[in-house]
Amino acid sequence: MIRLALALLLCFISFQATAEEWSSSVSRVIDGDTFQLSRPLIKIRLCGVDTPERGQPGYREATQFTKRLVAGKAVQCRTVGEGTPCDGRSRKKSGGRFVAQCFVDGTDIAMLLIKARHACAWPKYSGRHYSKNAECSK
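Overview of the structure.

Basis of the calculations
- In every chain, residue numbers begin from 1 and rise along the written sequence.
- Predicted model: local features are reported for residues with pLDDT of at least 70 only, side-chain atom pairs are reported and counted for 80 or more only, and whole-chain, interface and lining totals are derived from all residues.
- The basis for the side-chain values is all heavy atoms of the structure; hydrogens and waters are excluded.
- Remark: exposure states derive from per-residue accessible area (1.4 Å probe, protein chains only) relative to the maximum for the residue type, with buried under 20%, exposed over 50%, and partly exposed in between.
- Helix and strand assignments come from DSSP, with helices taken as H or I runs of at least 4 residues and strands as E runs of at least 2, each series counted from the N terminus.
- The criterion for strand pairing is that DSSP finds at least two bridges linking the strands in question.
- A helix's residues, less one, multiplied by 1.5 Å, set its expected span.
- What the arc measures is the spread of directions leading from the helix axis to the C-beta atoms.
- Residue contacts are counted whenever heavy atoms from the two residues lie within 4.5 Å of one another.
- Criterion for a salt bridge: a side-chain nitrogen of Lys or Arg within 4 Å of a carboxyl oxygen of Asp or Glu.

Judged by how many residues are buried, strand E8 (residues 97-104) sits mostly within the fold: eight of eight residues are covered. Neither face of E8 is open: one carries Arg97, Val99, Gln101 and Phe103, the other Phe98, Ala100, Cys102 and Val104, and all of them are buried. One ladder, built from three bridges, connects strand E4 (residues 43-46) with E8; its direction is parallel. Considered in E8, the bridge of Arg45 is made with Val99. Alignment of strand E6 (residues 75-79) against E8, held across five bridges, turns out to be antiparallel. Bridge pairing in E8 places Gln76 opposite Phe103. In this structure, strand E7 (residues 93-94) lies alongside E8, joined through two bridges in antiparallel fashion. The partner of Lys93 across the bridge, within E8, is Phe98.

This paragraph deals with helix H2 (residues 59-70). In this model, H2 (12 residues) spans 17 Å end to end at C-alpha, consistent with the 16 Å of a helix rising 1.5 Å per residue. Listed in full, the buried residues belonging to H2 are Tyr59, Ala62, Thr63, Phe65, Thr66, Leu69 and Val70. On an axial view of H2, the arc spanned by its buried residues comes to 160°, and they lie on one face. H2 presents Arg60 and Arg68 as exposed residues on the side facing more than 90 degrees away from its buried surface. As for H2, its buried residues are in contact with strand E2 (26-31), strand E3 (34-37), E6, E8 and helix H3 (109-115). Gly72 occupies a position one or two residues after H2 and carries a positive phi of about 70°.

This brings us to the pattern of salt bridges. The tally for this structure, following the rule as stated, stands at five salt bridges. Across the pair Lys92 and Glu20 runs a salt bridge whose closest N-O atoms are separated by 2.4 Å. Separated by 72 residues along the polypeptide, Lys92 in the loop between E6 and E7 and Glu20 in the loop between helix H1 (2-17) and strand E1 (21-24) bring together distant segments of the chain. By relative accessible area, Glu20 is classed as partly exposed at 27%.

Turning next to the pairing of E6. Of the two faces of E6, only the one carrying Val75, Cys77 and Thr79 is buried; Gln76 and Arg78 on the other face are not. Taken together, the four bridges between E1 and E6 define a ladder with antiparallel strand orientation. Opposite Trp22, over in E6, you have Cys77 as the bridge partner.

The omega torsion of the bond from Arg39 to Pro40 falls at -5°, within 30 degrees of zero and hence cis. As for its position among the elements, Pro40 is in the loop between E3 and E4. In this structure, Arg117 is a non-glycine residue whose phi angle is positive, near 65°. Its place among the elements puts Arg117 in the loop between H3 and strand E10 (120-121). When its relative accessible area of 71% is taken as the criterion, Arg117 is described as exposed.

Note that every value here comes from positions in space, so none of it alone points to a role or purpose.
The following block contains the structure:
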């Protein structure tokens, strides 16, 4: 009986970790384009954009902007392969994070970061979806 319960629990956890879409609050913002959802407890990397890393100019501003965007709100995320601009260009996971297009109040978070000049577009991963506003030099 205990084995059956453990097997069912493992199946449930596996199902949760491979789900394609989530709606959750954010428990932690890691940087401008990476955050952790509360339920399930997973890390998300926004697809198709890039923000400064720790130690680079603009890191603090991009991180704070993302924190303000998601504070106290539900975020909806759809993983690559499920109808995102990055489908066919980006892997579903990168560095232990799910790569996804995410929305807050129905608006694409990556697009908001670009328009506020806290991120640049990565056409390599998103085609021309975000690049009308600002491209990375990568």
